[in-house]
Amino acid sequence: MKFFEHFGNYTLFLLGLFKRPERFKVFAKQTLLEMSSIGVGSFGIVSLISVFTGAVSTIQIGVQLVSGLVPDYMLGTFVRDSNIYEFSPTITCLVLAGKVGSSIASEMGTMKVTEQIDALEIMGINSANYLVLPKILAGVLTIPLLVVYAMVLSIIGGAISGVMGDIISVDAYVRGLRTDFVPFSVWFALIKSTTFAFLITSISAYHGYRTEGGALEVGRSSTMAVVYSAVAVIIFDYILSDILLGA
Amino acid sequence: MIQLKNIKKSFNGKIVLDDISASFYPGKANFVIGASGSGKSVMMKCMVGLIDVDQGEIFYGQDDFVNKSYEERKLIRKEIGMLFQGTALFDSLSVEDNIAFPLRMFTQMTAEEVLERVNFCLKRVDLANVNKLYPSNLSGGMKKRVGIARAIALNPKYLFCDEPNSGLDPLTSRLIDKLIKEITIEYNITTVINTHDMKSLFDMGDNIIYIYQGKKEWEGEKSLIRSSGNSRLLEFMKASEF
């Protein structure tokens, strides 16, 4: 029952968001600031995660290709596909659910308990529209770009670990990368990351916006935001894979 | 003028406001007093539309606030300024940007005109050289003054002050009281003040409403309060004297 209550409230929350902004200039400025916070602010962590994800996937796939029945250059193909289809969009977004999600929820929660959101409402400003819509738009525009960046870095990370660990040569790795490339895989990753971006930003904002009480509740909202965002990412990962790649 | 007519509000079956009718006059400091949990803050939140009433009417002049749509209410809200108990200044904005915020959102003023108005409001609350500071850099009294400056930026017709003296030392409290009173008279604002502070009430109060357990127990002018004959009100006042 609690799930349906949250789902209903979340839907109403989203319906209240999509209104014409009070001032387009202010809205655009807010969106740019949020894009900087989400995008530039997440550059470091996404870089680190991506390089190591690519490196680990090369080592693990390399370990399994010892039979000699599969040509060694196929390692590059497997690393490419596993990172583009799954690791880069999903792992990056799970990490961002923690970083961006908790940041949005705690910011909104603190504004709620210190009556800053009430102050906006009394001024006649649709607080959800003013505060949340720029975050969602910034997330939807920025996170897919971070995912593309993560794809590139994970493939580079895979090459570095492959060469350093004497698992594969650069030539063979590049040959594998160029074998049977399906451009749709990138579109698939972009569709997934755009969906995940919407889920992370909106679910986190919803939990922050509903905070009542004090510091303890802000922390609780932040935790809830991360947990629900991560669960939503995993569920939609399955749904989108089934819809877009299923037979 | 603001008029409440038979407003009722309950939460989970517990009645918090029970059939309250009251009037708040322009150019006057209209005080709402009562013990903690008596319903003062809920009443103020109902008046500004942060909480919807279950029953009753709230009139701003001739406009029935309760039965208006969200968009129609926005027009009335633009005439309302509010000083919150915790000031509710936007942490991420400087003092200047906090005061400029409603001006940038709702007026067509140029950047120069906005700055001029911000400086005028800051001067009016006796603050100088704080434009670039952030709320975290200010003392409690300074935050209250910035809160007042932001509340009057758009020349409101109605000013709501929720516990304006809470957390302030006696001297700063009197300064804030004086400021609110001056602004009320100067701009003929209908000012509504929630407080426990009897000193504040006797210094600047005009019209007094006493609430006890969600019901209006007494309403009248300050000069009549001691002869009100209401035992609960007299007891409340006596408990506040020292």
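Quick look at the structure, then. In this text the structure is predicted, and so the values were computed from the model without any measurement.

To continue, consider the overall build of chain A. Each helix and strand in chain A was counted, giving eight helices and zero strands. With respect to the three principal axes, the spread of C-alpha positions in chain A is 70 × 40 × 35 Å. Per-residue burial for chain A yields a buried fraction of 49% across its 247 residues. In chain A, 87% of the contacts between residues at least 6 apart in sequence involve partners at least 24 apart. Surface accessibility of chain A: about 11,800 Å² in total, with carbon and sulfur atoms responsible for 71%.

As a further point, take the sheet that holds strand β7 (residues 158–162) of chain B. Residue and element names in this part refer to chain B. In space, the six strands of this open sheet follow the order β6-β7-β8-β3-β9-β10, with mixed pairing throughout. Two strands in the sheet have a free side with no partner beyond their single neighbour: β6 (80–83) and β10 (215–221). This sheet shows a mean twist of 15° between the axes of neighbouring strands, independent of strand direction. Its contacts with the sheet place helix α6 (residues 170–186) against β3 (29–33), β6, β7 and β8 (190–195), and it is angled at close to 155° to β8.

Residue and element names in this part refer to chain A. Following both chains from N to C, one finds helix α3 (residues 74–113) and helix α5 (residues 127–164) inclined at 150°, their axes separated by 9 Å at the closest point. With respect to α5, the element α3 is oriented roughly antiparallel. In the crossing of α3 with α5, the sense of the turn from one axis to the other is right-handed. Here Arg80, Asn83, Ile84, Ser88, Pro89, Thr92, Cys93, Leu96, Ile104, Glu107, Met108 and Met111 of α3 come into contact with α5, specifically with Leu131, Val132, Lys135, Ile143, Leu146, Val147, Ala150, Met151, Ser154 and Ile155. Grouping the constituent residues of the contact of α3 with α5 by class yields 15 nonpolar, four polar and three charged.

Here the focus is the interface of chain B and chain A. Counting from both sides, the interface comprises 24 residues of chain B and, opposite them, 17 residues of chain A. Taking both sides of the interface into account, the surface hidden between chain B and chain A amounts to around 1,900 Å²; carbon and sulfur atoms contribute 61%. Two residues, A:Glu22 and B:Lys74, come together in a salt bridge whose shortest N-O distance is 3.1 Å. One can count five residue pairs in polar contact (both at pLDDT 80 or more) joining chain B with chain A. Top contributing element to the side of chain B that touches chain A by residue count: helix α3 (residues 95–106) of chain B, with five residues. A breakdown of the residues in the side of chain B that touches chain A according to their chemical character gives 13 nonpolar, four polar and seven charged.

Turning our attention to unusual backbone geometry. Residue and element names in this part refer to chain B. Even without glycine at this site, asparagine 6 takes up a positive phi of about 55°. A relative accessible area of 38% places asparagine 6 in the partly exposed class. Residues other than glycine seldom take positive phi values, yet glutamate 163 does so here, at roughly 45°. Along the chain, the position of glutamate 163 falls in the loop between β7 and α6.

Take the pattern of salt bridges next. All names here are of chain B. Under the criterion given, the structure shown has 25 salt bridges over all chains. A salt bridge links glutamate 182 to arginine 124, with the shortest nitrogen-to-oxygen separation between them at 3.3 Å. Note that glutamate 182 is positioned in helix α6 and arginine 124 in helix α4 (residues 111–124), a separation of 58 residues in sequence. Residue classification places glutamate 182 among the partly exposed positions, given a relative accessible area of 30%. Accessibility expressed as a relative area gives 15% for arginine 124, which makes it buried. Between glutamate 217 and arginine 232 there is a salt bridge whose closest N-O contact spans 3.1 Å. Residue glutamate 217 is found in strand β10, and its partner arginine 232 is found in helix α8 (residues 231–240); the two are separated by 15 residues along the sequence. A relative accessible area of 25% places glutamate 217 in the partly exposed class. Overall, arginine 232 belongs to the partly exposed group, its relative accessible area being 37%. Look at the salt bridges and you will find they share partners, linking Arg174, Asp177, Asp197, Lys199 and Asp203 into a network.

Strand order across the open sheet formed by four strands is β2-β1-β4-β5 (chain B), with antiparallel pairing between neighbours. With one partner strand each, in any of the chains shown, β2 (14–24) and β5 (63–64) of chain B form the two edges of the open sheet.

Attention now goes to the environment of B:Lys8. All names here are of chain B. Within the secondary structure layout, lysine 8 lies in strand β1 (residues 2–11). Along the chain, lysine 8 and threonine 107 lie 99 residues apart, while their C-alpha atoms are 36 Å from each other. Beyond its immediate sequence surroundings of up to four residues, lysine 8 is in contact with Leu17, Asp18, Asp19, Val53, Asp54 and Gln55.

Glancing now at empty space enclosed by the protein. Scanning all chains against the criterion turns up two cavities of 30 Å³ or more. For the largest cavity, the calculated volume is near 160 Å³. Mapped onto the lining of the largest cavity, the elements with two or more residues apiece are α4 (116–122) of chain A together with β6, α3 and α5 (140–152) of chain B. Taken together, the residues of the lining of the largest cavity break down into twelve nonpolar, one polar and three charged. Volume-wise, the second largest cavity comes out at about 40 Å³. In terms of lining residues, the second largest cavity is bounded by A:Ile49, A:Ser50, A:Thr53, A:Asn83, A:Phe87, A:Ser88, A:Ile91, A:Thr92, A:Ala150 and A:Ser154. Looking at the lining of the second largest cavity, the elements that each hand over two or more residues are α2 (24–64), α3 and α5 of chain A.

All names here are of chain A. Topologically, serine 88 is positioned in helix α3. The exposure class assigned to serine 88 is buried, which follows from its relative accessible area of 3%. Between the C-alpha atom of serine 88 and that of valine 66, which follows or precedes it by 22 residues, the distance is 26 Å. Dropping the residues within four chain positions of it, serine 88 is found in contact with Asn83, Cys93, Val147, Ala150, Met151 and Ser154.

Residues and elements named next belong to chain B. As defined by bridge partners, β1 adjoins β2 across seven bridges and the pair is classed as antiparallel. Counterpart to isoleucine 2 in the pairing with β2 is phenylalanine 24. In textbook terms, the turn of a hairpin is the stretch between consecutive antiparallel strands, and for β1 and β2 this stretch comprises two residues, one of which, asparagine 12, has a positive phi near 50°.

The rules we used
- Residues numbered from 1 in each chain as written.
- Chains lettered and ligands numbered in written order.
- Predicted model: local features only at pLDDT ≥ 70, side-chain atom pairs only at ≥ 80, totals over all residues.
- Heavy atoms only, no water.
- Helix = DSSP H or I, 4+ residues; strand = E, 2+ residues; numbered from the N terminus.
- Buried < 20%, exposed > 50% of the residue type's maximum accessible area, 1.4 Å probe, protein only.
- Contact = heavy atoms within 4.5 Å.
- Areas by Shrake-Rupley, 256 points an atom, 1.4 Å probe, with all protein chains shown as cover.
- Pairing = 2+ DSSP bridges.
- Axes fitted to C-alpha atoms, helices over the stretch in contact; angles between N-to-C directions.
- Parallel < 35°, antiparallel > 145°, perpendicular 65-115°, else oblique.
- Left-handed = near helix turned anticlockwise from the far one by under 90°.
- Nonpolar A, V, L, I, M, F, W, Y, C, P; charged D, E, K, R; others polar.
- Buried area = accessible area lost by both parts, 1.4 Å probe.
- Salt bridge = Lys/Arg side-chain N within 4 Å of Asp/Glu carboxyl O.
- Polar contact = N/O pair within 3.5 Å; in protein donor to acceptor, adjacent residues only side chain to side chain.
- 1 Å grid on protein atoms, 1.4 Å probe; cavity = no way out; pocket = protein on both sides within 12 Å on 5 of 7 lines; lining within 4 Å.
- Points joined across faces, edges and corners; volume = space filled by probe spheres on them.

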